[in-house]
Every structure is written in structure tokens, then in C-alpha cells.
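Results of the structural survey
Here's the letter readout for the chains.
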Amino acid sequence: PLNPRAFSCEGLRRLPIASPSELCEALELGRRRAAVLETTRNRSSSRSHCLFIIRVERMSPATSDSPALPCFGKQDRVAPSSRVSVGKLVLVDLAGSESLKKVLARDEACEDMRRKQAIGINRALASLGAVVNNLNAGFECSSAGFRSSALTMLLKDCLGGRARALLI
């Protein structure tokens with residue numbers, strides 16, 4: 001980020017998308033990068049949370065005599081009379097909660113890694129649950145506890161304010 005004190009998360013990528021086929025390619029890239037391992041309960045168990053954020057920008061037409069101004073994050077220039085509307089859709093695939101007793105590996109070399117993954121997954125899910133409970137209890141977004149995990153920081157603008165969330 002531009003601000004060194006701003007939140008950042010390793011491994012995030014921002015890809016410009018210009019067509020439906022590019023969107024499908026980006027989804028496939030994210031699916032391939034997701035951490036999946038075999039467990040005793042599931043042949044392909046998600047070992048990470050996966051977020052796919054679709055940000056759509058729509059620019060209203062500008063008058064031809066308006067001087068051009070730079071548009072944030074773009075090489076293009078936008079006339080000052082233009083209005084940019086932004087919408088955001090966040091698709092989230094959460095890794096399932098894990099009982100440490102049930103996190104069994106086929107070989108001992110993987111057991112420690114799976115234990116650490118399970119602890120990280122459970123910690124992030126517990127943080128998300130606490131934030132959702134705090135928001136439902138009437139806490140303001142500033143005091144809901146979003147800073148407790150990278151997952152809740154990434155989902156902050158999707159859970160509070162005028163955002164709509166749907167869990168499936």
C-alpha cells in the first residue's frame with residue numbers, strides 16, 4: 001500500500017479484468033492457488049480461506065470541453081464532470097473449523113503443519129464470529145474488533161455500514 005502503516009496481506013493480487021473470460025481465468029487462478037490437502041475425513045480439504053473480490057467501476061459520460069484529471073489507480077484520465085460509481089462483490093470460501101484431535105496426517109512430517117494450519121483457521125473463524133456478534137450487538141464498526149485477524153480486516157467494508165452480507 002501507499003501508506004506504510006496501512007494493512008497489507010501477503011499473497012494478494014489485483015488483476016484488471018476487461019471481459020467475462022478474463023474473470024473466469026482469474027477465478028481459476030485463485031482456485032489453483034488455494035491450499036488443499038487430504039485429511040482422514042476429506043480427500044480435498046481446504047486449508048486456507050479464499051477471497052475473490054470483484055470491484056466494478058462505471059463512469060458516467062463527461063462533457064467534451066472538460067479538462068482531464070487522473071483517475072485513481074488508472075493510466076486513463078477522467079474529466080472532472082465524470083462521475084465514477086463503484087460496486088463491490090466479495091466471494092469468500094472459508095476453510096472449515098478443525099478439531100485438533102481430528103487433524104490427522106498420513107505421515108508425521110505433515111502433522112505439525114496441519115496442526116498449525118488448523119490453529120490458524122480456527123483463530124480466524126473465531127475472530128470473524130466475534131466481529132459478527134459485536135456488529136449484531138450494536139457495536140460501531142470502529143470498535144467491533146476487525147483488527148483481530150487478516151480475514152476480518154479484509155472483510156471490514158463488507159460487514160459494516162451499508163453493506164449486505166449473505167452466508168450460504
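Below, the structure is looked at part by part. (Residues numbered from 1 in each chain as written. Predicted model: local features only at pLDDT ≥ 70, side-chain atom pairs only at ≥ 80, totals over all residues. Heavy atoms only, no water.)

1. Re the overall build of the protein chain
The test is simple: A run of DSSP states H or I qualifies as a helix once it reaches four residues; a run of E qualifies as a strand once it reaches two. Both are numbered from the N-terminal end. Exposure categories follow from relative accessible area, calculated using a 1.4 Å probe and restricted to protein chains: below 20% of the type maximum is buried, above 50% is exposed, and the middle band is partly exposed. Note on contacts: a residue pair is in contact if any heavy atoms of the two residues lie within 4.5 Å. Each accessible area value is a Shrake-Rupley result obtained with a 1.4 Å probe; residue values ignore everything except the protein chains displayed when judging cover.
A count of helices and strands for the protein chain gives 4 helices and 6 strands. Secondary structure of the protein chain in N-to-C order comes out as α-β-β-β-β-β-β-α-α-α. Looking at the 168 residues of the protein chain, the share that counts as buried comes to 18%. Taking the contacts inside the protein chain whose residues are at least 6 apart along the sequence as the reference set, 54% of them involve residues at least 24 apart. Element-wise, carbon and sulfur atoms account for 53% of the exposed surface of the protein chain, whose accessible area totals about 12900 Å².

2. Quick look at a nonpolar patch on the surface
Applied cut-off: Patch definition: residues above 30% relative accessible area lacking any salt bridge, with like charges linked at up to 9 Å and the nonpolar side chains Val, Leu, Ile, Met, Phe, Trp and Tyr linked at up to 5 Å. Salt bridges are defined as contacts in which a side-chain nitrogen from Lys or Arg sits within 4 Å of a carboxyl oxygen from Asp or Glu.
A grouping of Leu27, Leu89 and Leu91 is seen on the molecular surface, where their side chains present a nonpolar patch of about 240 Å² in accessible area. In this fold, Leu27 is placed in helix 1 (residues 20–33).

3. Thoughts on the side chain of Thr152
Heads up, the rule is: Residues adjacent in sequence count toward polar contacts only when both atoms are side-chain atoms; beyond that, a polar contact is any pair of N or O atoms within 3.5 Å, and within protein one must be able to donate a hydrogen and the other to accept it.
Structurally, Thr152 is set in helix 3 (residues 150–154). Of the residues examined, Thr152 reaches a relative accessible area of 0% and is grouped as buried. At 2.6 Å, the side chain of Thr152 and the backbone oxygen of Phe146 are in polar contact. Apart from the residues lying within four places of it in its own chain, the contact partners of Thr152 are Ser127, Leu128, Val131, Gly145, Phe146 and Arg147.

4. Focus: the pattern of salt bridges
Two side chains that carry opposite charge are able to pair once their charged atoms sit near each other. The tally for this structure, following the rule as stated, stands at 4 salt bridges. Note that Glu28 is salt-bridged to Arg31, the shortest N-O span being 2.5 Å. Highlighted residues: Glu28 and Arg31, both in helix 1, separated by 3 residues, approximately one helical turn. Owing to a relative accessible area of 29%, Glu28 belongs among the partly exposed residues under this scheme. Among the residues examined, Arg31 registers a relative accessible area of 54% and is labelled exposed. A salt bridge links Glu57 to Arg55; the shortest N-O distance between them is 3.1 Å. The exposure class assigned to Glu57 is partly exposed, which follows from its relative accessible area of 33%. Assessed through its relative accessible area of 52%, Arg55 is described here as exposed. Residues participating in the shared-partner salt-bridge network are Glu28, Arg31 and Arg32.

Keep in mind these numbers describe shape, not what the thing actually does.
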